[in-house]
Each structure stands twice: as C-alpha cells, then as structure tokens.
Amino acid sequence: MSKLRITAWINGEPAEFLGGTRQSLLDALRDELHLTGSKEGCGTGDCGACSIVVDGRLVCACLMLAPEAQGRRIETIEGMAVDGAMHPLQRQFLEHAALQCGFCTPGLLVAAKALLDRNPDPTESEVRYWLAGNLCRCTGYDKVVRAVMDAAAELRGTEVAR
Amino acid sequence: MNDTSVARLLKVVGQRPVRPDGADKVTGRANFGADQALPGMLTGRIKRSPHAHARIVDIDTAAARALPGVKAVVTAADFAQLGSESIEQGESAGTLAHVSANCLARNKVLYVGHAVAAVAATSPEIAEEALRRIEVRYEVLPHVIDVEAAMAPDAPLLHEDLFTTGMTPSPTAPSNVAAKTVVGRGDPAKGFAEAELVLERRYVTAAVHQGYIEPHACVASAGADGQHQIWCSSQGHFAVRAMCAKILGLRLQDIRVTPAEIGGGFGGKTTVYLEPVALALSLKCGRPVRLVMSRDEVFQASGPTSASVIEARIGATRDGRITAAELTMKYQAGAYPGSAIGAGCMAALACYAIENVSIVGYDVVSNRAKVAAYRAPGAPMAAFAVESCLDELAQQLGMDPIDLRLANAVKPGMKAVYGPTFREIAFVETLEAIKAHPHYRAPLGPHQGRGVACGFWFNIGGESSAAVHVDADGGATVVSSNPDIGGSRASMAMMAAETLGLPIERVRATVADTASIGYSDLTGGSRVTFATGMAVVQAAQKVVDDLRRRAALTWDCPIEQVEWRDGAAACTDPAKEERPLTLAELAARSARTGGPISAEVSLNAQGAGPGFGVHLCDLEIDPETGRSTVLRYTAAQDVGRAIHPSYVEGQIQGGVAQGVGWALNEAYLYDASGTLENPGFLDYRMPVASDLPMIETILIETAPNKRHPFGAKGVGEVPIVPPLAAVANAVSRVIGVRLTELPLSPPRVLEAIDTSSTKA
C-alpha cells in the first residue's frame, strides 16, 4: 500500500507521519503516532470509542482516512489534560466512579468535552442524546451523565451540590 | 460486637475514594489488549468458515506461505492432540479438545466464522492477502440453528461422538443433546394436587452477546530459549496460561502471561480464542504477533450466551402459597457442549421456599458460536420464566406481586432448592425495601406500566493470591492476582488500608503477571472482592502481626502486650510508658528488626454468600410503533457490605442496562444459511445513553457475610437476573397481553397490541 506524508496539528503540536491511502485515521493515530488512547470498538462508527475532534467537529477516527487529516487540527484524549492537570470532566468521571473497565472512557470524555464546548449548560436529555453515539456496556450511563452534568456546573463556576 | 458497630468503626471501607488506576483510564494512558506493541511485531489475521456446518477436506496454505511478508501460517495441525481432559470455564465446564478446536477447527467447521487457519505477516494488507490465498476445500453439511430443532431426532448431528450424559439408561445413539440435568425435591404431583391455581407457560429468549466494547486482543512472543510471553486482555491470565500450555503442549513455567487492562468481559473473556493461535504463529517465526478481533469476528465467533426455551408450570393456593413448580429448560450451547444449564436449573427457583420442585435441563449443541459465560450465566433466562409466571399468578390471584413473593421468600436457615442451607441472606429485607420505596406507589400515566421481578445468584469463592509490601517511608503496595475489570484495585487497596490502619492515599494497588504472584482463579463468579479480598486482608493482617512483633522486640515486651490501633503499635503494659510506634517508624527501622516487611497469602476461599435483587421498572409504550421507553428504574440488592459503594452501585446500574437490552432489543438473528445477520453494533442494538433513565440503587447491608472480614458478598452478577422479567412484566401490564418471547422489540409488541385489539 502506498503511503503519503501527512502533516497535521495534533493536540496543539505539529505532527508528521506516513499514512496509508486505505488506512483509517484511527489506525494512523494508534500505530504511527502511538496515541493509543483512542480505541477501536467496532471500526464502523457505531461505538464512539475512537471519538476525536477534527477542526472543532466531533468525529469517529475510524471513519476518516489517514490522509484526510492533512492540515487539520486534531484533538484526542491525550490532549485533554493540560500540563499534567486533569480537565474537570476527567476529575468528575473519577469522583463519580463513572467508569468501570475504562475502555469507552476516552471516547466518552472527548464527546462530552465537545458538548460542553458548544453548550455549557446542557439538560440531562441533551447530555444523553449527545452521548448516544458512545456505547458503554459497564455503567448503564447513570454516573457518566451525572459526571458530565457536574463538570458542566464546575466549568460554569457553579457550586456542585453532591 | 454487632454489625452496626463494626460499620461505625470502619474508616476506609464504605467510603468512596478515587480508584488507584483512575487517572490512567481518563487520560488514555491505560494499556488495553490491543495497545501493546513490540519491536518487530507482526500482524495476525484469522481465516474463518463461510459455512455453518462442513467437513474440512483440505487446507492448502502453500500460496499464502509463498507471499512475501508472510512469516507464519498455522492450522489445527499445529496444535497438540488432546484427549477428553476437562477445564473449568466460569460456570460451565468444557473439554480442552473443544476449546482447542474452537480456536482452530479440526476436521469440521461448526458455525459461520469458525476459525480454520491463521497467518502472521509484516503488514495488515499482506496478512489479508494471505488469507485470500489460503484454499480450504469443504464438504458442506446440513446445519441446525434453533435449540428445539437441534433436539429433534432427525436433526443434523454436530458431533458423532456426543452421547447425552445424565440419562438412565445411557443412550445408544449420539445426538445434539450433550447433557440432561435434574434438580428437584418433594413430590410435585402432590403439590399440584394441593394447588388452587396452576399456570403453564412457555418462555423463549434469544441469544445475546456480552457486548464488551473492547474486542479480544493479544500479543504473543515466543522466546528462542523456550520461554514465551503473552500480553492479553482476559478475565484470568492464569487461565490463559493453562489453556495455552495444554493446547500447544507446553509447560506452565514456560509461558508468562501479563494481564492488560480489560475493556469489559462479563464472562465472555473467561476462555481463549486468540492467545494459543498468536503463540503458535510466534513459535513458527520467532517474532511477536498481535491478534485483534474485529467487531464482526467478536459477534460471530466469541460469546454469546444461550438462546433458551423454558416450559414452566407453577401451582399456588388462593392465599398465594406456591405448592409446586415444574420447569423444563432447553439451553443452546453453540458448537460445543457447555451452556450454563446447570447453574440455570439451580438458580431458577432459588428465591423461593417451594416444597415440591422438578427441574429438568438440557444442554444442546447447534451450529452457532460456542456460548461463553455471561454475567450470572444461565440465571437471567430462568428468572424471566419464573418471574413472568409469578407476575401472572399474582394478577390472577388478585395479589400484590411483592406480597406474593414475600409469602414464598427464602429466609436464613431455610434449605435452598439447589441444596445448601441459607445463612446470612436478606431477600425479605430487599423485597420490603422496594415495597416501601416511593417509586412503588408513584402514579402512572396512560400507556405506562410497572413491572417487578426478583433475581438470585450464588457467587463463588475459590483460589486467590495477594501480597502486601510495606515501603520504607510508611506506605504500602497491594499486589493481587486478578485482572481489574471494574474497579477491584480500589476495593483491594481499601481493604488493605483498613486492616493496616493507613489512609487510602498511602496504599497502592497493582495486578501482577503469572510469574510475579501466586495462582488465582478467574475474575468471575463475583468472587474477586470476596475471595481475593480475603487474601489481601489476610496478607495485611500478617503484616500487622509482623509489625507488632517488631514493636515488641523494640520495647522488649511480649507480643501479646502490643496492640495495633490506627496504624500504630501501642504498648498495653502499664509499667512501660512507651509512645506508640507508627507503621512509618517501624518501616524505617525494618532492617534492624528482621528485614523487609512483606507478606503473601494464597488461599481457597470458602463461604461466598449468595445475593438477591428486586427490581422495579416503569415504562411507556408508544401504541403507534410498539416502542418501549424505560421511564424509571429502581433496583434493590442484598450486598452484604459494600466496600466501595459507588462501584457496587455501578455494578447494579450496568447489570440493569444489559438486562434491559436483553429484554427489549438484543438478539442474534440468522439467515437460512446459518449466517449471523447482525454482527455489528448498528444492527445488534445495545442500550445507549438516550435509551435509559437514571437507575436508582438501594444497597441492603443488613446481612453481611460473616465469612468475609468486612462482610462482602459478590455483587456483579445478581443485577442482570431480574431485569428481563421486570421489563416484560411492565410491558405485559401496559398492553394487557402476556408476552413470553424476548426481545420485546417494537414489531413484536405492536403485533401483540394489534392482535389483542382485533380480538377485542
């Protein structure tokens, strides 16, 4: 398979890698750039475990080809904590025990951050429908939704009532 | 000391600290099965059968082997020839020969997706091209999918050497019925004669998959010196080691298995599919090989749990006393024997004190993927039948459904239908908690209904190992032997901290590989917090005893005069005015008092306590489409004592979500050729966030398990047992028609609504 030289911004840093013309962006992130935080649960865009943000838009990395990353700004789970400090969503997931196995967690966090970047004060229904593309088989979503709501409140500067 | 005062004295157990492995899992750093990469690693791929049932005439791998970049090709011929040695796999037993033949087919393929050969190559593209160049000649045979069709006398025979066990006299001809199981007591005929109302119903459930989001994945690396390594996501790395050794004819000592983080299992990762194949490939070429399943491979060739047909007959008096129950249960095992029919038969009526019982179960092979354990294996379908039947009995008797269950509930000291006598159980308290909850009396709107159902699961103990090491600066590390599938590092660290008298922040928890800790059984059977927790507490207690000994040495007093309080040794000799020595102080001088402070305990834990759940489900049905929406859900469970309540709640909420999916949507669908039609998450519809409400949990802690240092019972499996019937009972109460076949998908519910309105 022929490979293309691809340059992109990944988590705010310039990145350069060789991507196959039939290789998914997910495989390129994981195998070429060793960013294995994005997970493959299905490879068909149904589970959301590979959720990333490309130029501000939430996508499944398994549904993009590696060469499509050329020139784009890509955010993955690896970029969510800044200088070693966790994002409020990450902290709230831990406080709420909103993960069990943790496999879907990176995708859920990336998707939840994309929601809060657009809508800082979502209702429970809005959280549930936004996250409907992210399968979690362990938690039943209860604690996930609570963690996202509390992270939203924290980001708005509201006291979180627990 | 009574249980309440114990709970009051606990400082760490019962709190909700952040889990030790949490940060890695929210930052993407945690390494799961497919995240392992080694220099020179090859990509493996598996060639699978397109036929549901066929004899393998010939496998020609020459063209694949000739392809540049292909480093190894294996078939079943590369595996050891095995006899009839059996192996425990969760709640069912299988033979190693079958596990081996399921990894790579020998002589026959038994389902679409059955592995026949595997390759390792320098790139995924080359590996896929190599698969296309492997030529398999098949003699296609007639196949059978459905469980009752497979039991028919003229059904296509999967195994010419399969004779039903448990029959008297033994059958003289082979069949697809692998085993007959019987559980019973009393005199059912007499019981039914006493009954004033008898219901006889037939219940059907579809095969469903565990649905873990992480596909099976492993890396194997064969060493030139005969020492091999495997990194994999599994529910038991010791079990992986044992199965790989047998299948490949190796010694246990020559395989070291390191557990990766596991992205869900629910029982489905208690066996092997890839690891022996990856190691066989690596043995052939001397390079590390990674094998990862795609999602459609996961659906076609791993898991699921049995489809079932259950015929139930239950009799009761007018005042709601159940006088007799008869069940005939047929569980589909997939390609090889070993459904959870035994556990299903034993669990089916375990909630109730019924004198006259007859349960007959059949384990039936058919041309589908071999079933694997799935959370309380065998019990949810049995509970669907029994709890649906009881709900209908309650309706016909004009009784409150909880009162009917209270009238028949098992209590401590009673003998269970399956044999043993119950000790600390709180089924009655769990029923009463739901009955007293505001949810039970909340008003319902139009097209809305409420269902209640109960569930039971045994929980197990078994073999576990754990070590506790004290650090020179006063912290401690807990090393345990079970893959952490849902937060068990947290409960291990908490139980050690409680015993040592340390704050939870001073205790770290890890899971060690097979060469670094003593043997442990699988992470399964809801056993880890109970059994491995017991090993952790005993190891911590040994450390405490050693610390007391060292303090006594320092103070020159007998050890009996040293007490361990709040993380420090205190001298109880009034003649000595010694100030307490903290764990940190004792650790700092350990070189002078006997060397490093450390203890390891291996044990076989006995006395696991069974658990009971009672669930309440409100749902609304759209009369136009038949679609059910769950509006409110409350689950109460007898948990003994919750070590980390958040993760106990999480287990319950997750079990409920899986059970709701089983009830409403999930099903394996086959076409006429025996091909699975929905091997993907788009068409195999598991619940998503917008399908569910919040799931309220009530933890009943009135009956702590006295055999566990802190009273823990297993909690992970019980919560998937009641939801099938809780949901189905709610649906039936909305539409006024009793539905007895799962899933209750919109078309099926709509048809029932239309049929009943036509009749009306």
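Residues numbered from 1 in each chain as written. Chains lettered and ligands numbered in written order. Predicted model: local features only at pLDDT ≥ 70, side-chain atom pairs only at ≥ 80, totals over all residues.

Our next topic: the overall build of chain B. For chain B, the helix and strand inventory stands at 21 helices and 28 strands. Against the compact-globule benchmark of 27 Å for 760 residues, chain B has a radius of gyration of 27 Å, which places it among compact chains. The burial tally for chain B puts 59% of its 760 residues in the buried class. When contacts within chain B are restricted to residue pairs at least 6 apart in sequence, those whose partners lie at least 24 apart make up 79%. (Helix = DSSP H or I, 4+ residues; strand = E, 2+ residues; numbered from the N terminus. Rg over C-alpha atoms; globule rule 2.2 N^0.38 Å. Buried ≥ 20, exposed ≤ 12 C-beta atoms within 10 Å, placed from the backbone. Contact = placed C-beta atoms within 7 Å.)

Within chain A, the secondary structure is distributed over five helices and five strands. Reading the secondary structure of chain A in the N-to-C direction produces β-β-α-β-β-β-α-α-α-α. Computed over C-alpha atoms, the radius of gyration of chain A comes to 16 Å, within 12% of the 15 Å expected from 2.2 N^0.38 for 162 residues, which places it in the range of a compact globule. With respect to the principal axes defined by its C-alpha atoms, chain A has extents near 55 × 30 × 25 Å.

Residues and elements named next belong to chain B. In terms of burial, strand β18 (residues 448-457) is largely enclosed, as nine of its ten residues are buried. As paired elements, β18 and strand β26 (residues 611-621) share ten bridges and run antiparallel to each other. Opposite Gly 449, over in β26, you have Leu 619 as the bridge partner. (Pairing = 2+ DSSP bridges.)

Residue and element names in this part refer to chain B. Read from one edge of the open sheet, four strands run β18-β26-β27-β28, paired in mixed fashion. A single partner strand is all that each edge strand has here, and the edge strands are β18 and β28 (695-700). Strand after strand, the sheet turns through a mean of 15° between neighbouring axes, direction not considered. (Axes fitted to C-alpha atoms, helices over the stretch in contact; angles between N-to-C directions.)

So, on to the packing of helix α3 (residues 105-118) of chain A against helix α5 (residues 142-156) of chain A. Residue and element names in this part refer to chain A. As a packed pair, α3 and α5 sit with axes 11 Å apart at the nearest point and diverge in direction by 40°. When the axis of α3 is compared with that of α5, the two are oblique. The interaxial crossing formed by α3 with α5 has right-handed handedness. Taken together, the residues of α5 that come into contact with α3 (itself represented by Leu 108, Ala 112 and Leu 116) are Val 144, Val 148, Ala 151, Ala 152 and Leu 155. (Parallel < 35°, antiparallel > 145°, perpendicular 65-115°, else oblique. Left-handed = near helix turned anticlockwise from the far one by under 90°.)

Let's shift gears to the domain arrangement of chain B. All names here are of chain B. Taken as a whole, chain B is organised into domain 1 (3-29 + 461-605) and domain 2 (421-459 + 609-759). Centre-to-centre separation of domain 1 and domain 2, based on C-alpha positions: 37 Å. Contacts between the two partners involve 18 residues from domain 1 and, on the opposite side, 20 residues from domain 2. Of all the secondary-structure elements, those providing two or more residues to the side of domain 1 that touches domain 2 are α16 (488-500) and α17 (528-555). For the side of domain 1 that touches domain 2, the leading source of residues is α17, giving five residues. When its residues are assigned to classes, the side of domain 1 that touches domain 2 shows seven nonpolar, eight polar and three charged. (Domains from an automatic or database assignment. Nonpolar A, V, L, I, M, F, W, Y, C, P; charged D, E, K, R; others polar.)

Residues and elements named next belong to chain A. Assigned domains within chain A: domain 1 (3-79) and domain 2 (88-156). Just the C-alpha atoms count here: the centres of domain 1 and domain 2 sit 21 Å apart. Of the residues lining the interface, 13 residues belong to domain 1; the matching set on domain 2 comes to eleven residues. Here the element with the most residues in the side of domain 1 that touches domain 2 is strand β3 (residues 51-54); it accounts for three residues.

Backbone torsion omega between B:Thr168 and B:Pro169 reads -5°, so that peptide bond is classified as cis. Along the chain, the position of B:Pro169 falls in the loop between α6 (147-151) and β9 (177-185). For the bond running from B:Gly303 to B:Pro304, omega is -25°, close enough to zero to count as cis. Structurally, B:Pro304 can be placed in the loop between α10 (295-301) and β15 (308-316). With a phi angle near 55°, A:Ala97 is a residue other than glycine that sits in the positive phi range. Turning to its location among the elements, A:Ala97 is positioned in the loop between α2 (88-95) and α3.

With that settled, consider helix α4 (residues 96-103) of chain B. Of all eight residues in α4(B), seven are buried; the element is thus mostly enclosed. Those residues of α4(B) that sit buried are B:Ala97, B:His98, B:Val99, B:Ser100, B:Ala101, B:Asn102 and B:Cys103.

A few words on the interface of chain B and chain A. Buried accessible area, meaning the area lost when the parts come together, often serves as the stated size of an interface. Listed per partner, the contact involves 42 residues of chain B and 43 residues of chain A. Of all the elements in the fold, those that place two or more residues in the side of chain B that touches chain A are α2 (22-27) and α19 (645-664) of chain B. In terms of residue class, the side of chain B that touches chain A is built from 20 nonpolar, 16 polar and six charged.

Packed helices, taken two at a time, are described by the angle their axes make and the gap between the axes. All names here are of chain A. For the pair α2 and α3, interaxial distance at closest approach is 10 Å and the crossing angle is 130°. The angle between α2 and α3 places the two elements in the oblique class. α3 is crossed by α2, and the crossing has right-handed handedness. Seen from α2, the contacting residues are Leu 89, Gln 90 and Phe 93; seen from α3, they are Thr 105, Leu 109, Ala 112 and Lys 113. The residue inventory of the contact of α2 with α3, partitioned by class, reads four nonpolar, two polar and one charged.

What follows is about the sheet that holds strand β25 (residues 598-605) of chain B. Residues and elements named next belong to chain B. Taken in spatial order, the four strands of this open sheet run β21-β20-β19-β25, and their pairing is mixed. In this open sheet, the two strands that pair with only one neighbour each are β21 (507-511) and β25. Put simply, the sheet's adjacent strands are angled 20° from each other on average, direction ignored. Examined bridge by bridge, strand β19 (residues 462-470) and β25 share eight bridges and lie antiparallel to one another. When the bridges of β25 are listed, Ala 467 appears paired with Glu 600. Along the sheet, α16 contacts β19, β20 (476-480) and β21; its crossing angle with β21, the most-contacted strand, is approximately 140°.

What follows deals with the pairing of strand β11 (residues 217-221) of chain B. All names here are of chain B. Counting buried residues in β11 gives five out of five residues, a clear majority hidden from the surface. Burial along β11 is two-sided: Ala 217, Val 219 and Ser 221 and Cys 218 and Ala 220, pointing in opposite directions, are all buried. Pairing between β11 and strand β14 (residues 289-292): four bridges, direction antiparallel. Directly across from Ala 220, in β14, lies its bridge partner Val 289. When β11 meets strand β12 (residues 228-232), the two strands line up antiparallel, connected through four bridges. If you follow Ser 221 over to β12, its bridge partner there is Gln 229.

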